[in-house]
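Architecture and fold: a report
What follows is the residue order along each chain.
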Amino acid sequence: AGTRLSPLTKKRAKPAVPLGANYRLIDIPVSNCINSDINKMYCLTQFNSASLNRHLSQAYNSNVGTYNRQGFVEVLAAQQSPVNKDWFQGTADAVRQYLWLFAEANCEEYLILSGDHLYRMDYKPFIKKHRECNADITVSAVPMDEKRAAAFGLMKIDGTGRIVEFAEKPEGEALKAMAVDTTILGLDEERAKEMPFIASMGIYVFSKGAMETLLDSFPDSNDFGAEIIPSAKDMGMHVQAFLFDGYWEDIGTIEAFYNANLNCNDPDAPKFSFYDRGTPIYTQSRFLPPSKLLDAQVTRSTIGDGCFIHKSVINNSMIGLRSNIQEGCVIEDTMIMGADYYEETHECESLPGCTPIGIGAGTTIRRAIIDKNARIGMDCQITNKENVQEANEEEKGYIIKDGIIVIIKDSIIPNGTII
(Lines give C-alpha, C1' and ligand atoms only; values in the text may rest on other atoms or scores of the structure.)
Protein backbone atom coordinates (compact mmCIF):
# COMPACT_ATOMS: atom_id res chain seq x y z
CA ALA A 1 0.00 0.00 0.00
CA GLY A 2 3.03 2.28 -0.13
CA THR A 3 3.10 2.97 3.63
CA ARG A 4 6.90 3.46 3.63
CA LEU A 5 6.42 6.40 1.22
CA SER A 6 3.63 7.96 3.26
CA PRO A 7 2.46 10.77 3.20
CA LEU A 8 3.36 10.94 -0.52
CA THR A 9 1.00 7.99 -1.01
CA LYS A 10 -1.81 9.43 1.13
CA LYS A 11 -3.86 10.56 -1.90
CA ARG A 12 -2.30 8.52 -4.71
CA ALA A 13 -1.02 5.05 -5.55
CA LYS A 14 2.74 4.61 -5.11
CA PRO A 15 3.48 4.34 -8.89
CA ALA A 16 1.82 7.75 -9.38
CA VAL A 17 4.27 9.59 -7.07
CA PRO A 18 6.03 12.39 -9.03
CA LEU A 19 9.68 11.88 -9.97
CA GLY A 20 12.42 13.97 -11.55
CA ALA A 21 10.47 17.23 -12.13
CA ASN A 22 8.41 15.97 -15.11
CA TYR A 23 7.74 12.28 -14.48
CA ARG A 24 6.01 9.75 -12.23
CA LEU A 25 7.46 6.52 -10.80
CA ILE A 26 5.39 4.37 -13.17
CA ASP A 27 7.10 5.99 -16.17
CA ILE A 28 10.31 4.06 -15.37
CA PRO A 29 9.07 0.44 -15.82
CA VAL A 30 6.68 1.45 -18.64
CA SER A 31 9.48 3.19 -20.55
CA ASN A 32 11.80 0.23 -19.99
CA CYS A 33 9.10 -2.01 -21.47
CA ILE A 34 8.55 0.22 -24.51
CA ASN A 35 12.31 0.41 -25.11
CA SER A 36 12.43 -3.41 -24.84
CA ASP A 37 9.62 -3.87 -27.43
CA ILE A 38 7.11 -4.99 -24.80
CA ASN A 39 3.78 -3.30 -25.38
CA LYS A 40 1.15 -5.16 -23.34
CA MET A 41 1.29 -3.88 -19.76
CA TYR A 42 -0.98 -4.08 -16.74
CA CYS A 43 -0.36 -2.05 -13.57
CA LEU A 44 -1.82 -3.74 -10.49
CA THR A 45 -2.45 -1.37 -7.62
CA GLN A 46 -4.21 -1.62 -4.29
CA PHE A 47 -5.94 1.73 -3.86
CA ASN A 48 -6.09 5.45 -4.77
CA SER A 49 -5.68 4.62 -8.44
CA ALA A 50 -7.48 7.66 -9.93
CA SER A 51 -4.40 9.80 -10.67
CA LEU A 52 -2.44 6.74 -11.84
CA ASN A 53 -5.23 5.72 -14.19
CA ARG A 54 -5.49 9.25 -15.58
CA HIS A 55 -1.74 9.53 -16.12
CA LEU A 56 -1.37 6.19 -17.89
CA SER A 57 -4.37 6.69 -20.17
CA GLN A 58 -3.22 10.17 -21.18
CA ALA A 59 0.46 9.28 -21.52
CA TYR A 60 0.52 5.95 -23.30
CA ASN A 61 -2.64 4.36 -24.62
CA SER A 62 -2.78 6.37 -27.84
CA ASN A 63 0.80 5.56 -28.85
CA VAL A 64 1.74 2.12 -27.49
CA GLY A 65 1.76 -0.53 -30.20
CA THR A 66 1.20 -0.31 -33.93
CA TYR A 67 -1.61 -0.79 -36.42
CA ASN A 68 -1.15 -4.58 -36.54
CA ARG A 69 0.34 -5.09 -33.06
CA GLN A 70 -2.05 -4.06 -30.33
CA GLY A 71 -0.53 -2.43 -27.27
CA PHE A 72 -1.89 -1.00 -24.04
CA VAL A 73 -1.05 0.15 -20.51
CA GLU A 74 -3.95 -0.48 -18.13
CA VAL A 75 -4.50 -0.13 -14.40
CA LEU A 76 -6.05 -3.09 -12.59
CA ALA A 77 -7.21 -2.03 -9.13
CA ALA A 78 -8.13 -4.45 -6.36
CA GLN A 79 -11.80 -5.41 -6.60
CA GLN A 80 -14.27 -7.86 -5.13
CA SER A 81 -15.55 -10.76 -7.19
CA PRO A 82 -17.85 -13.73 -6.57
CA VAL A 83 -14.73 -15.87 -6.09
CA ASN A 84 -12.64 -13.47 -4.02
CA LYS A 85 -14.00 -10.80 -1.70
CA ASP A 86 -10.61 -9.59 -0.36
CA TRP A 87 -8.19 -6.81 -1.31
CA PHE A 88 -4.84 -7.80 -2.79
CA GLN A 89 -2.93 -9.58 -0.02
CA GLY A 90 0.46 -9.20 -1.75
CA THR A 91 2.19 -9.21 -5.14
CA ALA A 92 1.41 -12.84 -5.93
CA ASP A 93 -2.18 -12.55 -4.76
CA ALA A 94 -2.68 -9.54 -7.04
CA VAL A 95 -1.60 -11.63 -10.03
CA ARG A 96 -3.66 -14.60 -8.82
CA GLN A 97 -6.85 -12.53 -8.74
CA TYR A 98 -6.37 -11.38 -12.35
CA LEU A 99 -4.85 -14.55 -13.82
CA TRP A 100 -8.08 -15.19 -15.73
CA LEU A 101 -7.53 -11.91 -17.59
CA PHE A 102 -3.83 -12.51 -18.31
CA ALA A 103 -4.65 -15.96 -19.68
CA GLU A 104 -6.61 -14.31 -22.50
CA ALA A 105 -3.34 -12.95 -23.94
CA ASN A 106 -2.15 -16.53 -24.59
CA CYS A 107 1.49 -15.57 -23.92
CA GLU A 108 4.38 -17.86 -23.03
CA GLU A 109 5.94 -15.76 -20.25
CA TYR A 110 4.96 -13.15 -17.68
CA LEU A 111 7.36 -10.34 -16.78
CA ILE A 112 6.74 -9.11 -13.20
CA LEU A 113 8.06 -5.62 -12.42
CA SER A 114 7.98 -3.24 -9.46
CA GLY A 115 6.59 0.28 -9.57
CA ASP A 116 9.00 1.91 -7.09
CA HIS A 117 12.46 1.28 -8.57
CA LEU A 118 14.71 3.70 -10.44
CA TYR A 119 16.83 2.01 -13.15
CA ARG A 120 17.21 1.72 -16.92
CA MET A 121 17.10 -1.86 -18.22
CA ASP A 122 16.66 -3.66 -21.52
CA TYR A 123 14.49 -6.66 -20.64
CA LYS A 124 15.31 -8.55 -23.88
CA PRO A 125 18.57 -10.19 -22.59
CA PHE A 126 16.73 -11.03 -19.34
CA ILE A 127 13.97 -12.88 -21.20
CA LYS A 128 16.51 -14.45 -23.60
CA LYS A 129 18.44 -15.89 -20.63
CA HIS A 130 15.20 -17.32 -19.23
CA ARG A 131 14.51 -19.10 -22.52
CA GLU A 132 18.08 -20.32 -23.07
CA CYS A 133 18.16 -21.93 -19.61
CA ASN A 134 14.68 -23.38 -20.08
CA ALA A 135 13.94 -21.97 -16.63
CA ASP A 136 10.59 -21.93 -14.88
CA ILE A 137 11.44 -18.62 -13.16
CA THR A 138 14.30 -16.20 -13.72
CA VAL A 139 15.12 -13.62 -11.03
CA SER A 140 16.97 -10.42 -11.90
CA ALA A 141 19.70 -9.71 -9.35
CA VAL A 142 22.17 -6.94 -8.59
CA PRO A 143 25.68 -7.51 -7.19
CA MET A 144 26.18 -6.24 -3.63
CA ASP A 145 29.03 -5.57 -1.24
CA GLU A 146 28.82 -6.84 2.34
CA LYS A 147 27.87 -3.42 3.78
CA ARG A 148 24.64 -3.11 1.74
CA ALA A 149 23.78 -6.81 1.41
CA ALA A 150 22.22 -7.20 4.86
CA ALA A 151 19.34 -4.90 3.87
CA PHE A 152 18.18 -7.13 0.98
CA GLY A 153 16.88 -10.57 0.17
CA LEU A 154 19.95 -12.56 -0.95
CA MET A 155 20.33 -15.62 -3.15
CA LYS A 156 22.89 -18.40 -3.43
CA ILE A 157 23.62 -20.03 -6.81
CA ASP A 158 25.35 -23.12 -8.15
CA GLY A 159 27.96 -23.17 -10.94
CA THR A 160 25.30 -22.65 -13.63
CA GLY A 161 23.58 -19.69 -12.00
CA ARG A 162 20.67 -21.77 -10.74
CA ILE A 163 19.35 -20.49 -7.39
CA VAL A 164 19.75 -23.02 -4.58
CA GLU A 165 19.07 -20.91 -1.47
CA PHE A 166 17.29 -17.75 -0.35
CA ALA A 167 17.89 -15.63 2.77
CA GLU A 168 15.88 -12.55 3.76
CA LYS A 169 18.12 -9.78 5.22
CA PRO A 170 20.67 -12.14 6.85
CA GLU A 171 23.25 -10.89 9.39
CA GLY A 172 26.58 -12.09 10.81
CA GLU A 173 27.55 -15.64 9.89
CA ALA A 174 24.29 -16.15 8.01
CA LEU A 175 25.23 -13.22 5.78
CA LYS A 176 28.74 -14.53 5.10
CA ALA A 177 27.27 -17.92 4.21
CA MET A 178 25.36 -16.29 1.32
CA ALA A 179 28.52 -15.15 -0.50
CA VAL A 180 28.79 -16.53 -4.04
CA ASP A 181 31.17 -16.41 -7.00
CA THR A 182 29.54 -13.64 -9.02
CA THR A 183 31.85 -14.28 -12.00
CA ILE A 184 29.44 -17.14 -12.79
CA LEU A 185 26.87 -14.49 -13.77
CA GLY A 186 29.32 -12.41 -15.80
CA LEU A 187 31.00 -10.05 -13.32
CA ASP A 188 34.76 -9.55 -13.80
CA GLU A 189 37.07 -11.02 -11.14
CA GLU A 190 38.03 -7.71 -9.50
CA ARG A 191 34.44 -6.55 -9.02
CA ALA A 192 33.37 -10.07 -8.03
CA LYS A 193 35.73 -9.81 -5.02
CA GLU A 194 34.22 -6.42 -4.06
CA MET A 195 30.64 -7.65 -4.53
CA PRO A 196 30.32 -11.31 -3.53
CA PHE A 197 26.56 -11.18 -2.88
CA ILE A 198 23.56 -11.04 -5.20
CA ALA A 199 20.30 -9.39 -4.15
CA SER A 200 16.92 -9.84 -5.77
CA MET A 201 15.60 -6.77 -7.61
CA GLY A 202 12.01 -7.95 -7.26
CA ILE A 203 11.88 -8.40 -11.05
CA TYR A 204 10.97 -11.83 -12.44
CA VAL A 205 10.21 -13.75 -15.61
CA PHE A 206 7.75 -16.61 -15.09
CA SER A 207 6.92 -19.27 -17.64
CA LYS A 208 3.16 -19.37 -18.02
CA GLY A 209 2.81 -22.96 -16.79
CA ALA A 210 5.00 -22.33 -13.74
CA MET A 211 3.00 -19.26 -12.77
CA GLU A 212 -0.34 -21.10 -13.00
CA THR A 213 0.96 -24.16 -11.13
CA LEU A 214 2.49 -22.15 -8.28
CA LEU A 215 -0.45 -19.82 -7.71
CA ASP A 216 -2.79 -22.81 -7.71
CA SER A 217 -0.57 -25.04 -5.52
CA PHE A 218 0.05 -22.39 -2.86
CA PRO A 219 -3.28 -20.54 -2.48
CA ASP A 220 -2.22 -19.02 0.86
CA SER A 221 1.10 -17.67 -0.43
CA ASN A 222 0.65 -14.00 -1.28
CA ASP A 223 4.14 -12.67 -2.03
CA PHE A 224 6.44 -13.64 -4.90
CA GLY A 225 9.80 -12.89 -3.28
CA ALA A 226 9.13 -14.19 0.22
CA GLU A 227 6.86 -17.17 -0.50
CA ILE A 228 6.14 -18.23 -4.09
CA ILE A 229 9.69 -18.28 -5.50
CA PRO A 230 11.30 -20.08 -2.50
CA SER A 231 8.45 -22.63 -2.72
CA ALA A 232 9.17 -23.11 -6.44
CA LYS A 233 12.81 -23.86 -5.65
CA ASP A 234 11.81 -26.29 -2.87
CA MET A 235 9.48 -28.24 -5.19
CA GLY A 236 12.29 -28.68 -7.74
CA MET A 237 11.45 -26.01 -10.28
CA HIS A 238 14.32 -24.42 -12.20
CA VAL A 239 14.83 -20.95 -10.68
CA GLN A 240 17.62 -19.08 -12.50
CA ALA A 241 19.51 -15.88 -11.59
CA PHE A 242 20.21 -13.12 -14.12
CA LEU A 243 22.76 -10.41 -13.29
CA PHE A 244 21.88 -6.75 -13.87
CA ASP A 245 25.09 -4.77 -13.50
CA GLY A 246 23.81 -1.21 -13.68
CA TYR A 247 22.36 1.52 -11.48
CA TRP A 248 19.32 0.30 -9.55
CA GLU A 249 17.68 1.93 -6.56
CA ASP A 250 14.70 0.78 -4.53
CA ILE A 251 13.02 4.10 -3.74
CA GLY A 252 10.38 2.75 -1.41
CA THR A 253 11.28 5.03 1.53
CA ILE A 254 11.22 8.83 1.93
CA GLU A 255 15.00 9.04 2.36
CA ALA A 256 15.76 6.83 -0.66
CA PHE A 257 13.20 8.72 -2.77
CA TYR A 258 14.68 12.09 -1.77
CA ASN A 259 18.28 11.01 -2.45
CA ALA A 260 17.46 9.35 -5.78
CA ASN A 261 15.82 12.53 -7.06
CA LEU A 262 18.57 14.92 -5.99
CA ASN A 263 21.32 12.57 -7.25
CA CYS A 264 19.96 13.21 -10.75
CA ASN A 265 21.35 16.76 -10.42
CA ASP A 266 24.99 15.57 -10.28
CA PRO A 267 26.67 17.52 -13.13
CA ASP A 268 29.55 15.07 -13.63
CA ALA A 269 28.18 11.56 -13.22
CA PRO A 270 24.50 11.36 -12.26
CA LYS A 271 23.60 7.84 -11.12
CA PHE A 272 20.49 8.01 -13.27
CA SER A 273 19.98 10.31 -16.24
CA PHE A 274 16.76 11.24 -18.00
CA TYR A 275 18.88 12.51 -20.92
CA ASP A 276 19.50 9.24 -22.75
CA ARG A 277 18.72 9.52 -26.43
CA GLY A 278 18.74 5.79 -27.13
CA THR A 279 16.46 4.71 -24.28
CA PRO A 280 14.31 7.71 -23.31
CA ILE A 281 11.99 7.87 -20.33
CA TYR A 282 8.49 8.68 -21.60
CA THR A 283 5.73 10.53 -19.84
CA GLN A 284 2.55 12.47 -20.48
CA SER A 285 2.63 15.30 -23.06
CA ARG A 286 1.26 18.24 -21.10
CA PHE A 287 1.81 21.05 -23.65
CA LEU A 288 3.01 23.45 -20.96
CA PRO A 289 4.84 26.72 -21.69
CA PRO A 290 8.61 26.97 -21.10
CA SER A 291 9.74 27.77 -17.59
CA LYS A 292 10.39 31.47 -16.87
CA LEU A 293 13.25 32.53 -14.58
CA LEU A 294 13.37 36.25 -13.79
CA ASP A 295 16.63 37.41 -12.16
CA ALA A 296 16.98 34.01 -10.48
CA GLN A 297 20.20 32.31 -9.44
CA VAL A 298 20.05 28.58 -10.17
CA THR A 299 22.87 26.07 -9.56
CA ARG A 300 22.94 22.28 -9.91
CA SER A 301 19.17 21.98 -10.24
CA THR A 302 16.52 20.57 -12.57
CA ILE A 303 13.55 22.75 -13.55
CA GLY A 304 10.39 21.10 -14.92
CA ASP A 305 7.96 22.52 -17.49
CA GLY A 306 5.79 25.58 -16.95
CA CYS A 307 7.54 27.00 -13.86
CA PHE A 308 7.81 30.64 -12.75
CA ILE A 309 10.78 31.60 -10.55
CA HIS A 310 11.24 35.27 -9.58
CA LYS A 311 14.41 36.74 -8.00
CA SER A 312 15.16 33.63 -5.95
CA VAL A 313 18.15 31.39 -5.22
CA ILE A 314 17.79 27.70 -6.16
CA ASN A 315 20.58 25.27 -5.27
CA ASN A 316 20.69 21.46 -5.71
CA SER A 317 16.93 21.16 -6.07
CA MET A 318 14.33 19.45 -8.23
CA ILE A 319 11.58 21.89 -9.26
CA GLY A 320 8.45 20.19 -10.62
CA LEU A 321 5.76 21.17 -13.12
CA ARG A 322 4.00 24.56 -12.77
CA SER A 323 6.00 25.52 -9.67
CA ASN A 324 5.51 29.14 -8.66
CA ILE A 325 8.37 30.57 -6.56
CA GLN A 326 8.00 34.22 -5.63
CA GLU A 327 10.82 36.72 -5.07
CA GLY A 328 13.36 36.52 -2.28
CA CYS A 329 13.09 32.75 -1.74
CA VAL A 330 16.03 30.44 -0.99
CA ILE A 331 15.50 26.80 -1.99
CA GLU A 332 18.30 24.33 -1.16
CA ASP A 333 18.51 20.52 -1.31
CA THR A 334 14.77 20.34 -1.91
CA MET A 335 12.31 18.56 -4.17
CA ILE A 336 9.28 20.66 -5.11
CA MET A 337 6.70 18.55 -6.96
CA GLY A 338 4.83 21.54 -8.38
CA ALA A 339 1.12 21.79 -9.08
CA ASP A 340 -1.63 20.03 -11.04
CA TYR A 341 -3.02 23.30 -12.37
CA TYR A 342 -2.32 27.02 -12.67
CA GLU A 343 -4.06 29.36 -10.31
CA GLU A 344 -4.70 32.91 -11.50
CA THR A 345 -3.63 35.59 -9.02
CA HIS A 346 -7.11 37.16 -8.87
CA GLU A 347 -8.67 33.77 -8.03
CA CYS A 348 -6.84 33.73 -4.71
CA GLU A 349 -6.94 37.47 -4.03
CA SER A 350 -10.74 37.44 -4.08
CA LEU A 351 -10.86 34.94 -1.19
CA PRO A 352 -10.23 36.21 2.38
CA GLY A 353 -7.06 34.71 3.88
CA CYS A 354 -6.20 32.76 0.71
CA THR A 355 -2.59 31.57 0.33
CA PRO A 356 -1.65 31.11 -3.37
CA ILE A 357 -0.36 27.78 -4.68
CA GLY A 358 3.44 27.76 -4.63
CA ILE A 359 6.17 29.29 -2.48
CA GLY A 360 5.48 32.75 -1.00
CA ALA A 361 7.99 35.62 -1.14
CA GLY A 362 10.88 35.59 1.33
CA THR A 363 10.53 31.91 2.23
CA THR A 364 13.56 29.67 2.89
CA ILE A 365 13.33 25.90 2.37
CA ARG A 366 16.13 23.38 3.01
CA ARG A 367 16.22 19.57 2.87
CA ALA A 368 12.53 19.10 2.16
CA ILE A 369 9.98 17.50 -0.16
CA ILE A 370 7.08 19.78 -1.09
CA ASP A 371 4.17 17.71 -2.44
CA LYS A 372 1.83 18.97 -5.15
CA ASN A 373 -0.52 21.94 -4.81
CA ALA A 374 1.03 23.02 -1.49
CA ARG A 375 0.32 26.63 -0.49
CA ILE A 376 3.30 27.98 1.41
CA GLY A 377 2.95 31.53 2.69
CA MET A 378 5.41 34.41 2.80
CA ASP A 379 8.49 34.60 5.06
CA CYS A 380 8.33 30.94 6.13
CA GLN A 381 11.41 29.09 7.46
CA ILE A 382 11.15 25.41 6.50
CA THR A 383 14.67 24.34 7.49
CA ASN A 384 14.43 21.88 10.44
CA LYS A 385 16.92 24.02 12.35
CA GLU A 386 16.69 21.71 15.39
CA ASN A 387 17.58 18.69 13.22
CA VAL A 388 14.51 16.71 14.31
CA GLN A 389 14.62 13.20 12.79
CA GLU A 390 11.01 12.09 13.19
CA ALA A 391 7.83 14.14 13.74
CA ASN A 392 4.18 13.66 12.78
CA GLU A 393 2.39 16.99 12.41
CA GLU A 394 -0.14 16.02 9.74
CA GLU A 395 -2.77 18.34 11.18
CA LYS A 396 -0.31 21.20 10.56
CA GLY A 397 0.39 20.00 7.01
CA TYR A 398 3.78 18.34 7.40
CA ILE A 399 5.76 15.41 8.78
CA ILE A 400 9.50 14.82 9.26
CA LYS A 401 11.08 11.48 8.31
CA ASP A 402 14.82 10.76 8.49
CA GLY A 403 15.37 14.47 9.07
CA ILE A 404 13.58 15.36 5.82
CA ILE A 405 10.58 17.70 6.03
CA VAL A 406 7.64 16.56 3.88
CA ILE A 407 4.92 19.13 3.19
CA ILE A 408 1.75 17.13 2.49
CA LYS A 409 -0.20 17.49 -0.76
CA ASP A 410 -2.76 20.36 -0.79
CA SER A 411 -1.46 21.65 2.57
CA ILE A 412 -1.62 25.31 3.60
CA ILE A 413 1.41 26.66 5.50
CA PRO A 414 0.55 30.15 6.89
CA ASN A 415 2.77 33.22 6.52
CA GLY A 416 5.75 33.30 8.87
CA THR A 417 5.60 29.59 9.80
CA ILE A 418 8.82 28.08 11.21
CA ILE A 419 9.34 24.32 10.83
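Computed from a predicted structure; not experimentally measured. (Residues numbered from 1 in each chain as written. Predicted model: local features only at pLDDT ≥ 70, side-chain atom pairs only at ≥ 80, totals over all residues. Heavy atoms only, no water.)

A look at a negative patch on the surface
For clarity, the threshold we go by: Distance thresholds for patches are 9 Å for like charges and 5 Å for nonpolar side chains (Val, Leu, Ile, Met, Phe, Trp, Tyr), applied to residues having over 30% relative accessible area and no salt bridge. Exposure was quantified through the Shrake-Rupley algorithm and a 1.4 Å probe, taking into account, for residues, occlusion by the shown protein chains and nothing else. Put simply, a salt bridge is a Lys or Arg side-chain nitrogen that is within 4 Å of an Asp or Glu carboxyl oxygen. Asp and Glu count as negative and Lys and Arg as positive, but His and the ends of the chain are not part of the count. Lysine's charge is taken at NZ, arginine's at CZ, aspartate's at CG and glutamate's at CD. Strands here are runs of E lasting at least two residues and helices are runs of H or I lasting at least four, both read from the DSSP assignment and numbered beginning at the N terminus. Burial status follows relative accessibility: with a 1.4 Å probe on protein chains alone, a residue under 20% of its type maximum counts as buried, one over 50% as exposed, and anything between as partly exposed.
Together, Asp181, Asp188, Glu189, Glu190 and Glu194 make up a region of like negative charge exposed at the surface. Positionally, glutamate 189 belongs in helix 8 (residues 189-194). Glutamate 189 sits in the exposed class, given a relative accessible area of 61%.

As for the layout of surface pockets
Here is the rule we go by: Note on definitions: the grid is 1 Å and covers protein atoms alone; a cavity is a set of points where a 1.4 Å probe fits but cannot get out; a pocket is an open set with protein on both sides within 12 Å along at least five of seven lines; lining residues have an atom within 4 Å of a point. Grid points are joined across faces, edges and corners, and a volume is the space filled by probe spheres set on the points. Three classes are used: nonpolar for Ala, Val, Leu, Ile, Met, Phe, Trp, Tyr, Cys and Pro, charged for Asp, Glu, Lys and Arg, and polar for all others, with Gly counted as polar.
Put simply, the second largest pocket is a space of about 610 Å³. The wall of the second largest pocket is formed by 30 residues, among which Asn324, Gln326, Glu343, Thr345 and Ile357 lie closest to the centre. Residue assignment for the lining of the second largest pocket shows that the elements contributing at least two residues are helix 12 (345-349) and strand 23 (358-359). Top contributing element to the lining of the second largest pocket by residue count: helix 12, with three residues. Classifying every residue of the lining of the second largest pocket by side-chain character gives 15 nonpolar, 10 polar and five charged.

Structural notes on helix 9 (residues 208-217)
In plain terms, the rule: Think of it as the arc spanned by the lines of direction from the helix axis to the C-beta atoms. Contacts between residues were defined by any pair of non-hydrogen atoms, one from each residue, lying within 4.5 Å.
For helix 9, the full list of buried residues reads Lys208, Ala210, Met211, Leu214 and Leu215. The arc that holds every buried residue of helix 9, seen down its axis, measures 165°, which confines them to one face. Where helix 9 is buried, its residues contact helix 3 (91-97), helix 4 (99-102), strand 7 (109-112), strand 9 (137-144), strand 12 (197-207) and helix 10 (224-234).

What to know about the pairing of strand 7
The line we're drawing: The criterion for strand pairing is that DSSP finds at least two bridges linking the strands in question.
Of the two faces of strand 7, the one lined by Tyr110 and Ile112 is fully buried and the one lined by Glu109 and Leu111 carries no buried residue. Two strands pair when backbone bridges link them, and strand 7 and strand 12 are joined in this way by four bridges, in the antiparallel orientation. Paired with glutamate 109 across the two strands is serine 207, which belongs to strand 12.

Some points on the packing of helix 9 against helix 10
Helix packing for two helices is described by the angle between their axes and how far apart those axes are. Put simply, the rule reads: Axes, fitted as lines to C-alpha atoms, cover a helix only where it is in contact. Angles between the N-to-C directions of the axes lie from 0 to 180 degrees. The labels follow the angle: roughly parallel below 35 degrees, roughly antiparallel above 145, roughly perpendicular from 65 to 115, and oblique for the rest.
Between helix 9 and helix 10, the least distance of the axes is 10 Å, while the angle of their chain directions is 105°. When the axis of helix 9 is compared with that of helix 10, the two are roughly perpendicular. Seen from helix 9, the contacting residues are Met211, Leu214 and Leu215; seen from helix 10, they are Phe224, Ile228 and Ala232. Here the contact of helix 9 with helix 10 is built from residues that sort into six nonpolar, no polar and no charged.

Structural notes on the nonpolar core
To keep it simple, the criterion reads: Buried Ala, Val, Leu, Ile, Met, Phe, Trp, Tyr and Cys residues that are joined via side-chain atoms within 4.5 Å together make up what is termed a nonpolar core.
Counting 63 residues, the largest nonpolar core has Leu8, Leu56, Tyr119, Phe257 and Ile369 as the members making the most contacts within it. Looking at which element gives the most residues to this core, the answer is helix 11 (residues 254-263), with six residues. Those residues in contact with leucine 8 that lie beyond four places of it in its chain are Val17, Ile254, Phe257, Met337, Ile369, Asp371 and Val406.

Focus on helix 11
The buried count for helix 11 comes to seven of 10 residues, which makes it a mostly enclosed element. All of the buried residues along helix 11 are Ile254, Ala256, Phe257, Tyr258, Ala260, Asn261 and Leu262.

Describing the packing of aromatic side chains
We count it as follows: Classification of ring pairs rests on two measures: the distance between centres of Phe, Tyr or Trp rings, Trp counted by its six-membered ring, which must be within 6.5 Å, and the angle between planes, read as stacked under 30 degrees, edge-to-face over 60 and tilted in between. In this analysis the charged atom, NZ for Lys or CZ for Arg, is taken to sit over a ring once it is within 6 Å of the ring centre and within 35 degrees of the ring normal.
What the rule picks out here adds up to 13 aromatic pairs. Between tyrosine 204 and phenylalanine 224, the ring centres sit 6.1 Å apart and the planes meet at 55°, which makes this aromatic pair tilted. Here tyrosine 204 is found in strand 12, whereas its partner phenylalanine 224 is found in helix 10, with 20 residues between them in sequence. Classification of tyrosine 204 by relative accessible area gives buried; the value is 7%. An angle of 75° between the planes, with centres 5.1 Å apart, marks the rings of phenylalanine 272 and phenylalanine 274 as edge-to-face. Side by side, phenylalanine 272 and phenylalanine 274 carry an identical accessibility label, which is buried. Members of the aromatic cluster, each reached through a chain of ring pairs, are Tyr23, Tyr247, Phe272 and Phe274. Lying across the ring of tyrosine 342, arginine 322 places its NZ or CZ 6.0 Å from the centre.

Overview of the side chain of lysine 409
Here lysine 409 is to be found in the loop between strand 29 (404-407) and strand 30 (412-413). Look past the residues within four positions of lysine 409 in its chain and what remains in contact with it is Lys11, Arg12, Asp340, Asp371, Lys372 and Asn373.

Thoughts on the environment of asparagine 53
Considering the arrangement of structural elements, one finds asparagine 53 in helix 2 (residues 50-59). Here the alpha-carbon distance between asparagine 53 and isoleucine 28, two residues 25 residues apart in the chain, equals 16 Å.

A word on the side chain of arginine 286
Condition: Any pair of N or O atoms that falls within 3.5 Å is considered a polar contact. Within protein, one atom must be able to donate a hydrogen and the other to accept it, and sequence-neighbouring residues count only if both atoms are side-chain atoms.
The topology assignment puts arginine 286 in the loop between helix 11 and strand 15 (292-294). Look at arginine 286: it is buried, it has no salt bridge, and the nearest opposite charge is aspartate 27 at 5.6 Å. A distance of 3.0 Å separates a polar atom in the side chain of arginine 286 from the backbone oxygen of asparagine 22. Those residues in contact with arginine 286 that sit more than four places away from it in its chain are Asn22, His55, Leu321 and Arg322.

Structural notes on the state of the cysteines
Which entries qualify depends on this criterion: The definition used for a disulfide is geometric: two cysteine sulfur atoms within 2.5 Å.
All chains considered together, the criterion is met by one disulfide. As a non-bridged cysteine, cysteine 33 has cysteine 43 as the owner of its nearest cysteine sulfur, 11 Å distant. Looking at the unpaired cysteine 307, the closest cysteine sulfur is the one in cysteine 329, lying at 13 Å.

A word on the pattern of salt bridges
Evaluated as defined, the whole model comprises 18 salt bridges. Two residues, arginine 120 and aspartate 276, come together in a salt bridge whose shortest N-O distance is 4.0 Å. Note that arginine 120 is positioned in the loop between strand 8 (117-119) and helix 5 (123-132) and aspartate 276 in the loop between helix 11 and strand 15, a separation of 156 residues in sequence. Between aspartate 234 and lysine 233 there is a salt bridge; the shortest N-O distance is 2.9 Å. Among the residues examined, aspartate 234 registers a relative accessible area of 59% and is labelled exposed. Each of Asp37, Asp122 and Lys124 takes part in salt bridges that share partners, so that together they form one network.

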